[in-house]
Amino acid sequence: MDSSRNSVTGTTVDEHLDEDLYIQTERNRKELGHREAEDEALAPAGPRKFQHGFWDPEVAHLRAIYMKILGLTVILLICAMWICFSTYWGSLGETAQHVPNLKGLVINRDGTDGALGQAIVAAFEANSRGEGVAPKAHLTWVVTDSSALPTNDDVAFAVVEEHAWAAVVVNSGATSLLTSARSSGNSSYDPRTAITFYYNQGRNEIAANSFIVPYTTALLQSTLTALNEKFNSDFFGTLTSSANEASQQALTAVVQAPQTVSQPFSYEPVNLRPYTKTAAQAPLLVGQIYLIIFTFVITMTHDFARGIISPFLRFSSYARIRLLVPLTLYIPVSFSYAMVNLPFKLTFDAKFSYAGGFFLFWIFVYMAMAGLGLATEAMITLLTPRFIAYFIVFLIIFNVSVASVPMALQPSFYRYGYGFPVFNLAEAIRTIIFNTKSRLGLNAGVLLAWLALSMVTVPLFTWVVRRKDEQAERKKVEEAKAVIA
């Protein structure tokens, strides 16, 4: 069989094949080659997917956008850092300088002739003036007439009700009781009955542990040490000048009651509201940060989910969804948050029944979630998901800054915290689990006020953005009609 091969295409040509079919095939090949060459010549010079390195010139404009986004993020974070961290650092940085803002009471029931009462009053008044201590390293002590607080129960109630941070009471007849115990050899004499020191740790454990208890006990110990030395010196000086028989009787009595010489006066600290559970630190502060984060997750998820259906809803229906859906989602989340505390034995029965305290705790957690969560729901409308994270940073820091130490130990700027959710939730939790002074009505009012404000701002901001979207949609439709016409 005779055959030949095309030198260009390598096609074998059989002389018995139809010559016209061969010619047509070759023509089609040439035309296809020309079209491919033309398409390649006319192809755009822009970047092609999966074909470039990061520094290729073809992606220079995309690289510039990328770097601009990252640079702007760093700038915004630095600005937020200086504003927020300065606020938080400032809430803790000068607490020791504000210790004189903590008021304490001194009540002398020892009588006008009682040496112990007079010494304690004089020492605490000098301490309030800053004598003998480092600058600002003292409480402000107010000497209160015993008739204003007739019994020690009244004093304890005043401390629990936060009329003062602490109280030092020189008990009735303390000096005469020591004298009588020495002369009679009363072995049951207890030096600690001379003075009672009341404080309320549950009100704020940082203030109590860092300032109130250390400063007060140091002052009491130094004062009593000096006074005990003087009393012993005077006592033994009297013995040396007495007749042998009288001295022998006095020494016999002292042997029977040695505590009247070893430690004539002492004090008894009474913690009226102990900070009994270290696990309480979680719901009081750190847990509330998580609470804000949980509401933020719900807000972001809801923003994505409602974007699927919102373009097809009337405004009234859309606004109701934006309010009611988050409020519904907060119910199981807040209840779960409350349930997490049960295995750690928080004292929900300190003020109410255990069940009542638990459910009240849950209600306050829910109100806080609703107030904080709807605030993020409102702001995401204006800031969009792109910038809402910066609002969360501000929301967390400005709330937490006022919840860790007492307002009395912070500059006056931080008084804004009285109107913020985290402070009021923490105060309500202290009332429930430590039985501190109850401001539950005020705390609930602040949380509900935040909720009410967000229930106004969410539909308002939604209406503003929806109006812009509707205007853009109408303009788009009109442009499409003009093109068709």
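What you see as residue numbers is a count from 1 along each chain, following the sequence as written. Owing to the predicted nature of the model, reporting of local features is limited to residues with pLDDT of at least 70; listing and counting of side-chain atom pairs is limited to 80 or more, with chain, interface and lining totals taken over all residues. Calculation of side-chain values draws on the structure's entire complement of heavy atoms; hydrogens and water are dropped beforehand.

## Digging into the overall build of the chain
Stage number 1. The helix and strand tally for the chain stands at 13 helices and seven strands.
Stage number 2. Type-normalised accessible area, obtained with a 1.4 Å probe on protein chains alone, sets the label of each residue: buried when under 20%, exposed when over 50%, and partly exposed for intermediate values. In the chain, buried positions account for 42% of the 485 residues.
Stage number 3. The contact criterion used is simple: two residues touch if any of their non-hydrogen atoms lie within 4.5 Å. In the chain, of all internal contacts separated by at least 6 residues, the share reaching a separation of at least 24 is 76%.
Stage number 4. The protein chains shown are the only cover counted for residues, whose accessible areas, like all others here, come from Shrake-Rupley with a 1.4 Å probe. Surface summary for the chain: the accessible area is close to 26500 Å², and the carbon and sulfur share equals 63%. Runs of E in the DSSP output that reach at least two residues are strands. Runs of H or I that reach at least four are helices, and both are numbered from the N terminus.

## A short note on the pattern of salt bridges
Pairing of side chains with opposite charge becomes possible as their charged atoms draw close.
Stage number 1. One side-chain nitrogen of Lys or Arg within 4 Å of one carboxyl oxygen of Asp or Glu is enough to make a salt bridge. Counted under the stated rule, the structure contains ten salt bridges.
Stage number 2. Residue R322 is joined to E377 by a salt bridge in which the shortest nitrogen-to-oxygen separation is 3.2 Å. Here the residue R322 occupies a position in helix 10 (residues 315-340), and E377 occupies one in helix 11 (residues 354-400), the gap between them amounting to 55 residues. Taken as a pair, R322 and E377 share a single burial class, namely buried.
Stage number 3. One network of salt bridges, in which partners are shared, links E162, R203, E427 and R439.

## Here's the deal with the side chain of R306
Stage number 1. Residue placement: R306 occurs in helix 9 (residues 281-309).
Stage number 2. According to the relative accessible area criterion, R306 is buried, its value standing at 5%.
Stage number 3. Polar contacts, as used here, are pairs of N or O atoms within 3.5 Å; protein pairs need one atom able to donate a hydrogen and one able to accept it. Residues neighboring in sequence count only if both atoms are side-chain atoms. Of the polar contacts made by the side chain of R306, one reaches the side chain of E377; its length is 2.9 Å.
Stage number 4. Once residues lying within four places of it in the same chain are set aside, the contact partners of R306 are Y318, R322, E377 and I380.

## Observations regarding the nonpolar core
Stage number 1. Membership of the largest hydrophobic core comes to 35 residues, with the highest contact counts inside it found for F361 and F364.
Stage number 2. Among the secondary structure elements, those contributing two or more residues to this core are helix 9, helix 10, helix 11, helix 12 (421-434) and helix 13 (440-484).
Stage number 3. F361 has contacts with P283, Y337, A338, N341, F348, I429 and I432, leaving out every residue within four places of it along the chain.
Stage number 4. Residues enter a nonpolar core if they are buried and are Ala, Val, Leu, Ile, Met, Phe, Trp, Tyr or Cys, with the set joined through side-chain atoms within 4.5 Å. By size, the runner-up hydrophobic cluster in this structure holds 33 residues, among which are A166, V168, L178 and Y267.

## Notes on helix 12
Stage number 1. The span expected for a helix works out to 1.5 Å for each residue beyond the first. The first and last C-alpha atoms of helix 12 sit 19 Å apart over 14 residues, in line with the 20 Å expected at 1.5 Å per residue.
Stage number 2. Counting buried residues in helix 12 gives 14 out of 14 residues, a clear majority hidden from the surface.
Stage number 3. Positioned one or two residues after helix 12, N435 has a phi angle of 60°, which is positive.

## A few points about the packing of aromatic side chains
Stage number 1. Side-chain rings of Phe, Tyr and Trp (the six-membered ring for Trp) are treated as a pair once their centres are within 6.5 Å; stacked means planes under 30 degrees apart, edge-to-face means over 60, and tilted covers the remaining angles. Applying the stated rule across the entire model yields 25 aromatic pairs.
Stage number 2. The interplanar angle of 80° and the centroid separation of 5.3 Å between the aromatic rings of F358 and F359 together place this pair among those described as edge-to-face.
Stage number 3. Aromatic side chains Y418 and F423 sit 5.4 Å apart centroid to centroid with 90° between the ring planes, which places their arrangement in the edge-to-face category.
Stage number 4. Working rule: Lys NZ or Arg CZ, within 6 Å of ring centre, within 35 degrees of ring normal, means a charge sits over the ring. Over the ring of F54 we find R63; its NZ or CZ atom is 5.9 Å from the centre of that ring.
Stage number 5. Against the face of W165 rests R203, its NZ or CZ located 3.5 Å from the ring centre.

## Notes on unusual backbone geometry
Stage number 1. Non-glycine residue K136 carries a positive phi angle of around 70°.
Stage number 2. Locating K136 in the fold gives a position in the loop between helix 3 (115-128) and strand 4 (140-144).
Stage number 3. A relative accessible area of 40% places K136 in the partly exposed class.
Stage number 4. Phi is positive for N435, which is not a glycine, with a value near 60°.
Stage number 5. Following the sequence through the fold, N435 ends up in the loop between helix 12 and helix 13.
Stage number 6. By relative accessible area, N435 is classed as buried at 18%.

## Considering the pairing of strand 6 (residues 195-199)
Stage number 1. Along strand 6, five of the five residues are buried, which leaves the element largely enclosed by surrounding structure.
Stage number 2. Side chains I195, F197 and Y199 of strand 6 all project onto a buried face; the interleaved residues T196 and Y198 project onto the opposite face, where all are buried too.
Stage number 3. One ladder, built from five bridges, connects strand 5 (residues 166-170) with strand 6; its direction is antiparallel. Bridging from a neighbouring strand, V168 pairs with F197 of strand 6.
Stage number 4. Here, a strand pair is defined by DSSP locating no fewer than two bridges between the strands. In this structure, strand 6 lies alongside strand 7 (residues 267-271), joined through five bridges in parallel fashion. Across the sheet, I195 pairs through a bridge with Y267, a residue of strand 7.

## A look at the packing of helix 10 against helix 11
How two helices pack is summed up by the angle between their axes together with the distance between the axes.
Stage number 1. Where helix 10 meets helix 11, the closest approach of the two axes is 8 Å, and the angle between their N-to-C directions is 140°. Our classification of the angle between helix 10 and helix 11 gives oblique. When the axes of helix 10 and helix 11 are compared, the crossing they make is right-handed. Axis definition: a line fitted to C-alpha atoms, limited for helices to the stretch in contact. Angles are taken between N-to-C directions and run from 0 to 180 degrees. Orientation is classified from the angle alone, with under 35 degrees giving roughly parallel, over 145 giving roughly antiparallel, 65 to 115 giving roughly perpendicular, and any other angle giving oblique. Left-handed describes a crossing whose near helix is turned anticlockwise from the far helix by less than a right angle; the clockwise case is right-handed.

## Some words on the environment of L76
Stage number 1. For L76, the location among the structural elements is in helix 2 (residues 60-93).
Stage number 2. In this structure L76 comes out as partly exposed when scored by relative accessible area, which is 29%.
Stage number 3. Linking L76 and Y390, residues 314 residues apart in sequence, is a C-alpha distance of 8.1 Å.
Stage number 4. Here L76 is in contact with F387 and Y390, once residues within four sequence places are set aside.

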